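Observations on the model geometry
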Amino acid sequence: MTVKDLAKDLGMSVSTISRAFYPDAVIAEPTRRIVLKRAAELGYRPNPFAQSLITKRTQIVGVVVSDLTNPFYPEVMTELVARLQAVGMNVMLAVANEPEKTDEAVELLLSYQPDLLVVLAVPLSSHARDKCEQGGAPCIFFNRLSADGLGFGITCDNIIGGRQAADFLIDTGHRHLLYVSAFPDASTNAERLSGFCKRAQERGLARPIILDAGFFTYEAGYDAGLKMAGLNQTVDGVFCANDIVAIGFIEGIQEGLGLRVPEDLSVVGFDDITMAGWPSHKLTTIPQPLGEMMDATVSLALELAQDPSLATRTRRFAPLPLIERGTTRSRSYATGGAT
């Protein structure tokens, strides 16, 4: 079934049939309804590639992702893809299994002429981003910002999140704090670290110890937990770069060092992935406002489709209130030790 077949069946011109499938096209609404109803009956569907030759828009959103081992991103992708599809956008996924493969993944997506790219959990070179924008496909960084600050970004205010974690631990009696860092170059990690350390010092504590896990993964968190043995310093409160690192860290110190959580030390994560609420983990964590962030991403995508020059470059959203579960407890040093 082609557009010509549909036009012949209805006794209309091809141009009238074509206009019926464009919401902004000038056509009488009764005529549009007749065309769409008959098209559905006959199984006709517009060819998106043919349409793109006319509109210069493909309605394709390229999504670049690398960190699929972090449960946060599959959860985000499931909902974000559904929201983009609901406004008529088609999603094409490219996975960069290694950070240095990111530019190659972008090149692959650009060959399909997407209207824009959404970048999740990957470092993207300035050269690759510039190439996207020169090709008419601006980049939206989700849950992070580009290293040079020039891309479009939708992110949680991670500095506030770090301060929130510090205030909670200090308010519940913790005095010897540690931050488990992951992927130092990521804006999410750098901002959570900055907010946490500065707030602890503002409240009169020593700068928290920093333990580098290296990556946002369970394995990295587990190895960081084992490294606790080499610190030779007292620690009673820990803030981890994200939930999956926190879960790995807890199991590392429990199985490798025999430490108990929360009896020996408290642990706070960040994100509130589904796994964090499982009875086997009961992780205290700071949730990201994902609903707001995804709504903003879809809105920004629509704005960029109309006029990139008018779109807001960066939007930050405050994290949600901390959820206290089973990996933290209040402490008192009035008698010289934790209780």
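The structure we're discussing is the one just above.
These numbers were taken from a predicted model, which means no experiment stands behind them.

1. Observations concerning the overall build of the protein
When its secondary structure is counted, the protein shows 12 helices and 11 strands. Put simply, the protein has 339 residues, and 47% of those count as buried. Long-range pairs, those at least 24 residues apart, make up 70% of the contacts in the protein with a sequence separation of at least 6. Entry remark: accessible area of the protein is about 15900 Å², with carbon and sulfur atoms responsible for 54%.

2. A closer look at the pairing of strand β10 (residues 284-287)
Judged by which residues are buried, β10 turns out to be covered on both faces: Thr284 and Ile286 on one side and Thr285 and Pro287 on the other are all buried. Where strand β9 (residues 266-271) and β10 come together, four bridges link them in parallel fashion. Looking at the pairing, phenylalanine 270 lines up with isoleucine 286 of β10.

3. Focus: a nonpolar patch on the surface
On the surface, Leu68, Leu93 and Val95 cluster together into a nonpolar patch covering about 220 Å² of accessible area. Inspection of the secondary structure assignment puts leucine 68 in the loop between β1 (60-65) and α5 (72-86).

4. Let's talk about the sheet that holds strand β5 (residues 152-156)
Pairing in this open sheet of six strands is parallel, and the strands run β2-β1-β3-β4-β5-β11 from one edge to the other. Of all the strands in the sheet, the pair left with one neighbour each is β2 (90-95) and β11 (314-317). Pairs of neighbouring strands in the sheet enclose a mean axial angle of 15°, with direction left out of account. Taken strand by strand, helix α6 (residues 102-110) contacts β1, β2 and β3 (116-120), and its axis lies near 165° from that of β1.

5. Let's talk about the packing of helix α10 (residues 218-227) against helix α11 (residues 243-257)
The interhelical angle for the contact between α10 and α11, taken along N-to-C directions, is 40°, at an axis separation of 6 Å. With respect to their mutual orientation, α10 and α11 come out oblique. By crossing handedness, the relation of α10 to α11 is classed as right-handed. Of α11, the residues touching α10 (which contributes Tyr218, Gly221, Tyr222, Ala224, Gly225 and Leu226) are Ile244, Val245, Ile247, Gly248, Phe249, Glu251, Gly252, Ile253, Glu255, Gly256 and Leu257. Its residues placed into classes, the contact of α10 with α11 shows 10 nonpolar, five polar and two charged.

6. Here we look at the packing of helix α8 (residues 158-171) against helix α9 (residues 187-202)
Viewed as axis vectors pointing N to C, α8 and α9 meet at an angle of 40°, and their least axial separation amounts to 7 Å. Relative to α9, the element α8 lies oblique. The hand of the α8/α9 crossing is right-handed. Mapping the contact onto sequence places Asn158, Ile159, Gly162, Arg163, Ala165, Ala166, Asp167, Leu169 and Ile170 in α8 and Thr188, Glu191, Arg192, Gly195, Phe196, Arg199, Ala200 and Glu202 in α9. Looking at side-chain class alone, the contact of α8 with α9 contains seven nonpolar, four polar and six charged residues.

7. Some remarks on the packing of aromatic side chains
This model, assessed by the stated rule, comprises seven aromatic pairs. Both rings, one in phenylalanine 72 and one in tyrosine 73, keep their centres 4.9 Å apart while their planes meet at 90°; by these two values the pair is edge-to-face. What makes tyrosine 73 buried here is its relative accessible area of 2%. Look at phenylalanine 196 and phenylalanine 239: their rings are 5.1 Å apart centre to centre, the planes differ by 50°, and that puts the pair in the tilted class. One end of the pair, phenylalanine 196, is in helix α9; the other, phenylalanine 239, is in strand β8 (residues 237-240), with 43 residues separating them in the sequence. Residues phenylalanine 196 and phenylalanine 239 agree in their burial class; the two are buried. Between arginine 313 and the ring centre of phenylalanine 152, over which it is positioned, the NZ or CZ distance is 4.1 Å.

8. A closer look at empty space enclosed by the protein
Applying the stated criterion across every chain, the model contains one cavity of 30 Å³ or more. Put simply, the largest cavity is a space of about 50 Å³. Surrounding the largest cavity, Asn70, Phe72, Tyr73, Asn143, Arg144, Thr188, Arg192, Phe216, Asn242 and Asp271 form its lining. When residues of the lining of the largest cavity are traced back to their parent elements, those giving at least two are α5 and α9. In the lining of the largest cavity, the residues fall into three nonpolar, four polar and three charged.

The rules behind these values
- Residues numbered from 1 in each chain as written.
- Predicted model: local features only at pLDDT ≥ 70, side-chain atom pairs only at ≥ 80, totals over all residues.
- Heavy atoms only, no water.
- Helix = DSSP H or I, 4+ residues; strand = E, 2+ residues; numbered from the N terminus.
- Buried < 20%, exposed > 50% of the residue type's maximum accessible area, 1.4 Å probe, protein only.
- Contact = heavy atoms within 4.5 Å.
- Areas by Shrake-Rupley, 256 points an atom, 1.4 Å probe, with all protein chains shown as cover.
- Pairing = 2+ DSSP bridges.
- Patch = residues over 30% accessible without salt bridge, like charges linked within 9 Å, V, L, I, M, F, W, Y side chains within 5 Å.
- Salt bridge = Lys/Arg side-chain N within 4 Å of Asp/Glu carboxyl O.
- Axes fitted to C-alpha atoms, helices over the stretch in contact; angles between N-to-C directions.
- Parallel < 35°, antiparallel > 145°, perpendicular 65-115°, else oblique.
- Left-handed = near helix turned anticlockwise from the far one by under 90°.
- Nonpolar A, V, L, I, M, F, W, Y, C, P; charged D, E, K, R; others polar.
- Phe/Tyr/Trp six-rings, centres within 6.5 Å; stacked < 30°, edge-to-face > 60°.
- Lys NZ or Arg CZ within 6 Å of the ring centre and 35° of its normal.
- 1 Å grid on protein atoms, 1.4 Å probe; cavity = no way out; pocket = protein on both sides within 12 Å on 5 of 7 lines; lining within 4 Å.
- Points joined across faces, edges and corners; volume = space filled by probe spheres on them.

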